[in-house]
Amino acid sequence: MHGDTILLMTFVLALVAAFAGGLVARALRLPPLVGYLLGGLAVGPFTPGFIGDSQAMNQLSEVGVMFMMFGTGLHFSLKDLAQVKGIAVPGAIIQIALGTLAGYGLAQAFGWSAQAGIMLGLSVSIASTVVLIKNLTDEGLYQTRGGRIATGWLIVEDLATVLILVVLPVVFGPGEVEPAQLAGQIGVALAKTAAFVLLMLVVGSKALPWLLDHIERSCPRELFQLAVVVVALGTAMLASAAFDLSVALGAFLAGVVVSGDKLSHRIAAEAIPFQDLFSIIFFASVGMMVNPAILAHLPELLALVALIMVGKWLINMVLGMAFSVGVETSLTIASGLSQIGEFSFIIGQTGMALGILSADQYSLILGGAVVSIALNTFVFKIAGPA
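Computed from a predicted model, the values in this text were never measured in an experiment.

Colleague: Got a sec to walk through the overall build of the protein? Specific residues and values, please.
Modeller: When its secondary structure is counted, the protein shows 15 helices and zero strands. In terms of overall dimensions, the protein is globule-like: its C-alpha atoms have a radius of gyration of 20 Å, near the 21 Å expected for 386 residues. Based on the C-alpha atoms only, the size of the protein along its principal axes is roughly 65 × 55 × 50 Å. Considering the protein as a whole, with its 386 residues, one finds that 53% of them fall into the buried category. Taking contacts inside the protein between residues at least 6 apart in sequence as the whole, the part at least 24 apart equals 79%. Carbon and sulfur atoms make up 69% of the accessible area of the protein, which amounts to about 16400 Å² in all.

Colleague: Kindly report on the pattern of salt bridges, identifying the contributing residues and their values.
Modeller: Any two side chains of opposite charge can pair, on the condition that their charged atoms come close. Enumeration according to the criterion identifies six salt bridges in this entry. Of the charged contacts in the structure, one is a salt bridge between Lys-134 and Asp-138, with a shortest N-O distance of 3.9 Å. One end of the pair is Lys-134 and the other is Asp-138, both in helix 6 (residues 129–138) and four residues apart, which spans about a single turn. Taking the shortest distance from any N to any O, the salt bridge between Arg-266 and Glu-270 comes out at 3.7 Å. Highlighted residues: Arg-266 and Glu-270, both in helix 11 (residues 264–288), separated by four residues, approximately one helical turn. Taking relative accessible area as the criterion, Glu-270 reaches 6% and is therefore assigned buried. It is possible to trace a salt-bridge network through shared partners that takes in Glu-216, Arg-221, Arg-266 and Glu-270.

About the criteria used
Residues numbered from 1 in each chain as written. Predicted model: local features only at pLDDT ≥ 70, side-chain atom pairs only at ≥ 80, totals over all residues. Heavy atoms only, no water. Helix = DSSP H or I, 4+ residues; strand = E, 2+ residues; numbered from the N terminus. Rg over C-alpha atoms; globule rule 2.2 N^0.38 Å. Buried < 20%, exposed > 50% of the residue type's maximum accessible area, 1.4 Å probe, protein only. Contact = heavy atoms within 4.5 Å. Areas by Shrake-Rupley, 256 points an atom, 1.4 Å probe, with all protein chains shown as cover. Salt bridge = Lys/Arg side-chain N within 4 Å of Asp/Glu carboxyl O.

Such coordinate-based values are descriptive only and should not be taken to indicate function.
Below, the structure is given as structure tokens:
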């Protein structure tokens, strides 16, 4: 295989494997998502046969995250966010704290160091917005009150992750950290977040709808379609490159600011094919990262999966009931958040870069994420709302 064609071959064969896996999953009455994960595993570096470029696929999967979050923003207005902030903000903060403590306790039972325990706890506490949106949509729950609260809840978690990723290198990096230095780093992160949000709400809310309206009136359809792609991906990259924020947050806010435009339904329709294609790439790329050798640590893997899927479900169910949102809404929130995903990978990678997590410990986090993603759909059917 020539080096200049490895990306193309990886992309094509990952799609072929995901397609085949989706058909098999469908025949076995399993969610297609399980087939996409297995398809990625089949072309990954840890199984015989073709070895795909997992690093390149990870970058392509980021495009899936951007489109998924852009679509989320299109259907999740600022009014919706304001309506659920009283539940989503404190709920997400408390859940992150409790999830981190639970993960830390499990790591101590595994015999890990205290620092590695904190990393595991943080990884467990952050759920995947991409997985949540897909499962809510598939189950017809996205527009319900529980779906809106769960989505707002994870948007808050995404914002919290921005701060976590700023704090981790400062706290666990080489040398002692002065409290003033830590406070300064956090202050800078908050200021950048506030500046980007303000830019999008003041400037973006006028400029982006105007741009799309103008192109729709004066340009052919393919240019309008390209404009939608540029708005989604360009805003996401602006958030990352200029403000050190996640591409997911940037794409989400791009969707929010154009959601009130009269063309929002057409914008959503143009984005759907890209969203569907690259979301499959996202799940295939996750499957490529899994090393089946993690099964040698099966007891630890099962314990971690139990914490993610049962422990987090109980935590979020109790929090939902504590906020008096009702049983059905609490079930939606608890079921949707009983998984971990892309931000858990990033936290785990940060832990490895800082020398806190070993390769085996990171592989355990990956394994827990993949199993929880694959099984999360069943949580809605077993313990979700009727």
